[in-house]
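Below, each chain spelled out in residue letters.
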Amino acid sequence: MDRVSSFDEPLLKLLGGATAKVMAEHLGLHTVGDLLHHYPRRYEERGKLTALADLPLDEHVTVVAQVADARILMFNNGRGKRLEVTLTDGSGRLQLVFFGHGVHKPHKELLPGRQAMFAGKVSVFNRKMQLAHPTYQLLDASDADEATEAVDAFAGRLLPIYPACKQLDSWRIAKAVDAVLPSARDAVDPLPASLREGRGFTPLPEALLKVHRPQTKADVDDARARLKWDEAFVLQVALARRRYADTQLPAVARRPVADGLLDAFDAKLPFTLTEGQEKVSKEIFDDLATEHPMHRLLQGEVGSGKTMVALRAMLTVVDAGGQAAMLAPTEVLAQQHHRSITEMMGELAEGGMLGGSDRGTKVVLLTGSMGMAARRQALLDLVTGEAGIVIGTHALIEDKVRFHDLGLVVVDEQHRFGVEQRDALRSKGKQPPHLLVMTATPIPRTVAMTVFGDLETSVLDQLPAGRSPIASHVVPAKDKPHFLSRAWERVREEVENGHQAYVVCPRIGDDAEEVEGKGGKKAKAKKAAPEEDGDKRPPLAVLEIADELRKGALAGLSVEVLHGRMHPDDKDDVMRRFAAGDVDVLVATTVIEVGVNVPNATAMVIMDADRFGVSQLHQLRGRVGRGSAPGLCLLVSEAHEASPARARLSAVAATLDGFELSRIDLEQRREGDVLGQAQSGVRSSLRMLTVIDDEEVIAAAREEAVAVVAADPELEHLPELRTVLAALLDKDREEYLDKG
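Residues numbered from 1 in each chain as written. Predicted model: local features only at pLDDT ≥ 70, side-chain atom pairs only at ≥ 80, totals over all residues. Heavy atoms only, no water.

(A) Molecular detail of the sheet that holds strand E13 (residues 406-412). The strand order E11-E12-E10-E13-E14-E9-E15 describes an open sheet built from 7 strands, whose pairing is parallel. Where the open sheet ends on each side, the last strands, each with one partner, are strand E11 (362-366) and strand E15 (456-460). In this sheet, neighbouring strand axes are inclined to one another by 20° on average, regardless of whether the strands run parallel or antiparallel. Bridge analysis of strand E9 (residues 295-300) against E15 gives 5 bridges, and the strand direction is parallel. Paired with Gly 300 across the bridge in E15 is Leu 460. Helix H14 (residues 331-345) rests against strand E10 (323-327), E11, strand E12 (387-392) and E13 of the sheet, and its axis sits at about 170° to E11. (Pairing = 2+ DSSP bridges. Helix = DSSP H or I, 4+ residues; strand = E, 2+ residues; numbered from the N terminus. Axes fitted to C-alpha atoms, helices over the stretch in contact; angles between N-to-C directions. Contact = heavy atoms within 4.5 Å.)

(B) Structural view of the pairing of E13. Within E13, 7 of the 7 residues are buried, leaving the element largely enclosed by the surrounding structure. Examined bridge by bridge, E10 and E13 share 5 bridges and lie parallel to one another. Across the sheet, the residue bridging to Met 326 is Val 410, located in E13. In terms of strand pairing, E13 meets strand E14 (residues 434-439) through 5 bridges, oriented parallel. When the sheet's bridge partners are listed, Val 410 is paired in E14 with Leu 436. (Buried < 20%, exposed > 50% of the residue type's maximum accessible area, 1.4 Å probe, protein only.)

(C) Quick look at the sheet that holds strand E22 (residues 601-606). Overall, parallel pairing links the 6 strands, which are arranged E16-E23-E22-E17-E21-E20 in an open sheet. On the outer flanks of this sheet lie strand E16 (470-476) and strand E20 (559-562), each paired with one strand and no other. For this sheet, the mean angle separating the axes of adjacent strands, direction not counted, is 20°. Pairing between E22 and strand E23 (residues 631-637): 4 bridges, direction parallel. What sits directly across from Met 604, in E23, is Cys 633.

(D) Inspection of the nonpolar core at higher detail. Grouped together as the largest cluster of nonpolar side chains are 56 residues, with contacts concentrated most on Val 585, Val 587, Ile 592 and Ile 606. Among the nonpolar cores identified, the runner-up in size contains 39 residues, and Leu 273, Val 280, Met 314 and Ala 324 belong to it. (Core = buried A, V, L, I, M, F, W, Y, C linked by side-chain atoms within 4.5 Å.)

(E) The pattern of salt bridges, seen in detail. On inspection of all chains with the given rule, the structure shows 36 salt bridges. Here Glu 109 ties to Lys 105 by a salt bridge, and the two come within 3.8 Å at their closest N and O atoms. Note that Glu 109 and Lys 105 are positioned in helix H5 (residues 104-109) at a spacing of 4 residues, about one turn of the helix. Of the residues examined, Glu 109 reaches a relative accessible area of 22% and is grouped as partly exposed. (Salt bridge = Lys/Arg side-chain N within 4 Å of Asp/Glu carboxyl O.)

(F) Focus on the environment of Leu 436. Examined against the element boundaries, Leu 436 turns out to sit in strand E14. Looking at Leu 436, the relative accessible area reads 0%, which means it is buried. As for Leu 436 and Met 294, which are separated by 142 residues in sequence, their C-alpha atoms are 7.3 Å apart. Aside from chain neighbours lying at most four places away, what touches Leu 436 is Ile 284, Met 294, Arg 296, Leu 298, Ala 310, Leu 408, Val 409, Val 410 and Val 411.

And the structure:
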């Protein structure tokens, strides 16, 4: 068997049908290589038993403990039988329960004093933690000599505890690993020899043996250090090759022109740009002036002035004879951008029109819901080059849309767009256009280096002068209903002071099962997590809450609704009236999450705030405090005080620093989500590396990867690295990495 094929061997051949099927369906493991890269989550030591008191609720766990007590109880007038076993580990107690025919074997085996490994899902019954029908493995033997041997063997090594599932517990996975472990010697080593030796890494076959069957804690540390590096390095090589390939593409250099549109625009600005805006603009202008396409990620807090920076880049391209397109995820946002850009430009946005500037250009809007005549005119303006700037939704991507000379694509809120959509727009240029990707979701440096690793990154971290602070508070609606009454009083006070307010709900309300997802898409309502509030009611809905507020707490105020399933004209009408100050309170779904700019709106009440993610709450909150008056954000939740949901909300209330919140968000979700596990159904390739903790490893791996790719772009002299890359980057995964 050659070196590659032993890793490609299907598990079905080695483990038998039933085990292989469970591994494939529930753990995503199909080959010997997959199983060898399914690393232990942690290790148990003899004498250092798990603290039973700290077991996580609703998770599959493995514990090593001693039987303190076992008894059979009858119920149902003697027709039913239940075995209750109490475990102890010196720090806490845990109850096991077996029912019906399942009581006989454990009743004989789980005698007081016996020690065993138990696996199952932790639940609560009668206020006590329990495992119902756990699987178990005794850790002693009946024969005295054998018992001593078994205990010594157990005492002398670390027991690997694997990520498991209901159908397959950790020690069965360990047995399967034993069967494939000899193949570890065939591992293809992706690290170049010079790098491996220079950094003193353990050889890969040895690292795999040490991670699965360590003799000491030092073995585990050695193996982890090596395996983390492999993951970081292979991923960074993939990204470095993307960046290198981009530098080989031709593009038209777009250089600023003296006394052009940009200079005219800058001259009429009523304020000076922040230092951050100046710095980031220079980075972008330098990129635009090169003859290969810019690929830059611009991240900045809500309200840090990203649109201003993007607009100046677009004007530079128009000055240089090209066109610029801005792609927005929703119609509301496209209309908002069009409105704010034409307002900022004034007569410069009326090129060729009566009263327009002779240095101006035309700024057009293109969305799916436009009338036929307006659409035809917009398409004509694009193909003739009359319109220098177009702002639109995915309608921009359609085949009918043709440009005269597309020079720059600006993508707003990158995470809302698929790779295909972005590529379709880029393909409309005669040569690849420059690309600027914007996000208001702050991204920790390590994530930027992995998820957006094929883009250069610019960060706007200063807020422009004149932005007001936002006070945030959690409103515990269940424990303290009078706090919620006070919240509505505060909204009324803001309105009486001449301001406006948002009320955000997770669901629209014309269908009990639907929640509004990103960009106004329908999604299934998320059931409340058991540890959060145990309440099975559907999330609160816009239509119901608006109705209640009109009749009750906010009677007499002008209360309107906004959600993704309204007709586009109606949405636009509501937004216009809210922006004009004719509507006091806007009850909305997350359609207002990005881009909506109403400086007079000072208060926001987020209902069922625990149903939203940390980053989303931060985005929503950024809609208030955009003028000179201070902002107020109230996070209403029925989650109980000790729940993770409440901890999340308290974190959001405690800081306005989006980068700090993005770290908290990432720590809770861990890296699987960060690399988009769901994207194209491809699992994250990171098993050992955690992008939140391993910043040094990722930064060093990126540096090494850049050097390797610069010296040998096709990896001709590194066949092992090429083999491992090919295995990692199947077509779907490769497309996902191409996020730029």
